[in-house]
Structures are given as structure tokens and as C-alpha cells.
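Residues per chain, in single letters:
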Amino acid sequence: MEETFWLDANIIAMRESVPIRFAHHKNIDKPENHVLHINNYVEIYVYVSGNHNYVVENSLYELNRGDIIIINPREVHKALPLTETMYERFYFLVDEHTFDSMYQNPLSQILNKSTDIDNLISLDDKTRKDVLNMLYEISNCFQNGRDDQLRAFSFFLRVLDEINQQLRRASSFGGNATHTPELLGKILTYVAEHTSEIQTTTEISSALGLTPQYLSSYFSKHIGTTLKMYIQAKKIALAKDLLAKGADVTQTCYDCGFNDCSYFIKVFKKYVGMTPLTYKQKIGT
């Protein structure tokens, strides 16, 4: 049986900046281990092995070795194990303001990514090998008592540079790597276009000509969570966006389709880890 591996480390990019969280995990994974969530960071996720799909916002992706998923702080996402299996991956969690003081922000390409560009980056064989080698080098920087910050940060910037190059190519040539089934795509698109208005899943089943029971079971089968929870997460993602743009908490509550501010605050805290007001103060709006 393959050995499990679990490494979490902080890469200190700059004095007084939030550390970059780096993880290299290899463990037996089960479908119930994952929940739909929203980060407070930019996430760079690199898949190594397992039997997984990945959902980000309106797209479902099939994963292959070396695939990279980039996720902005207000995007709903979830790894989807198809079977119980050994699962290896790397990821970085990077505060979006980590590099604000630099002349060129290496996160800008990710933060300003068009919604027309996929969250999934698939690499050619040589580039995939090079990127994975760099990730294993970062992992080695923190094993056996080592704490080689400069080397780890150097490799991180090289990985980030490759991602930026890939995003520039995607902006030039387009392309679509999603494997979203047609009906699932219609459901996800409907929710995206009516996030603030939806109150019940019955509204979606009526709009798409489906029975509520079929809609519920179909969605859960493909996304591994209930449609109600997905809608809730999308509303909170919208709330984060509105608060970041300067909206007040009460107006945000109603603009996202919540009718009860105390309930809105409770749900927001569940997904974001803090109240809407704390979040608004934290991001300085």
C-alpha cells in the first residue's frame, strides 16, 4: 500500500505580508471528505493523482496529472472524488494583497482573469514535468527539519510565472477545457444568472422543465452536494463581491436575496469564517 504524506508550510514572501500557505498532501480520499467552499485567498491547486473531477463556479473539469486549477477569492469550488482512492495534490493559498508593494504584481494575471478563460490549465508533457519537479523541490525545502525559504519562494515564483504565461496564451487563443454535461451546465448557468433572485430550487426545476426530485438527485450526483447548498454558496460569493465594492451589510443582505439579516450573517460566517462587517473591515471598504 502506498504511504501517505502530509506537509503544510508557510512561505514568507515579504516582511509584514501574509505568509503563502503551501501544502503537499497524499492520502486516502473519500467523496464525503469535501464540501463546497469559498476561499479568502487566491488558490493555486495542482493535481497529481487520484480519481477526481473539480467544480469551479459554472464548470466541471476532469483532472489529469499535472493539471492546475486557479481559483479567485470569490469563486465557489469543490474537489469531487469519484471513488475512494489515494489522492496526491499540491496547493498554495495566497492573500490577494501579498505583492501589492511590488512594481509588478505576479498575481494580477490571475486576479484579472476573464470569466471566459477556464480555471483549468492543462500543460504539455515537458511543462507538466517541469512544474511538478518544481513543486516537489518546494516540498523538499520543508522536509526533515529544513526551512529553506529563499529556495521555496524562488520556485513558487517560477511556477507562478508559468501559470501567467499559460493564462496569456489562453487570453489570445481562447479554448474551453470544461467537461460539464449539458444539463448540468444549464443548471449552473441558471443559478449564476439568477443568484440574487432564487429563493427555492423549485424555481429552477420549473424554468428548466424538470421535476424537483430529478433536479435534486441529478445535481447531487454530479456535484456531490445539494443544489440548495450550492445556491447558498453562490449567494455568499456574490455578497463578498458586493462588500468588496463598498456596499453596506444590510443592502448586501437584500441584494443577495436574503430576507433576514441575522440569517444572512450566520450563513456568511459559515462560509467565510467571519461576519460580513468583519470581512468588510478586513478588506478596507
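Preceding this paragraph is the structure being described.
Residues numbered from 1 in each chain as written. Predicted model: local features only at pLDDT ≥ 70, side-chain atom pairs only at ≥ 80, totals over all residues. Heavy atoms only, no water.

Points about the packing of helix α4 (residues 182-193) against helix α7 (residues 227-244)
Axis separation between α4 and α7 bottoms out at 10 Å; the angle between their running directions is 40°. Taken as axis vectors, α4 and α7 run oblique relative to one another. In this structure, the crossing between α4 and α7 has a hand that is right-handed. Within the contact between the two elements, α4 uses I187, L188, V191 and A192 and α7 uses L227, Y230, I231 and K234. Class assignment of the residues belonging to the contact of α4 with α7 gives a composition of seven nonpolar, no polar and one charged. (Axes fitted to C-alpha atoms, helices over the stretch in contact; angles between N-to-C directions. Helix = DSSP H or I, 4+ residues; strand = E, 2+ residues; numbered from the N terminus. Parallel < 35°, antiparallel > 145°, perpendicular 65-115°, else oblique. Left-handed = near helix turned anticlockwise from the far one by under 90°. Contact = heavy atoms within 4.5 Å. Nonpolar A, V, L, I, M, F, W, Y, C, P; charged D, E, K, R; others polar.)

Quick look at the environment of S220
Checked against the element boundaries, S220 lands in helix α6 (residues 212-223). With 86 residues separating them along the chain, S220 and M134 place their C-alpha atoms 36 Å apart. Excluding residues within four positions of it along the chain, S220 makes contact with T225 and T226.

Notes on the side chain of S205
Tracing the backbone through its elements, the reader meets S205 in helix α5 (residues 201-208). A relative accessible area of 1% means that S205 is categorised as buried. In terms of polar contacts, S205 uses its side chain to reach the backbone carbonyl oxygen of T202, at 2.9 Å. When neighbours within four sequence positions are excluded, S205 is seen to be in contact with L210, T211, P212 and L215. (Buried < 20%, exposed > 50% of the residue type's maximum accessible area, 1.4 Å probe, protein only. Polar contact = N/O pair within 3.5 Å; in protein donor to acceptor, adjacent residues only side chain to side chain.)

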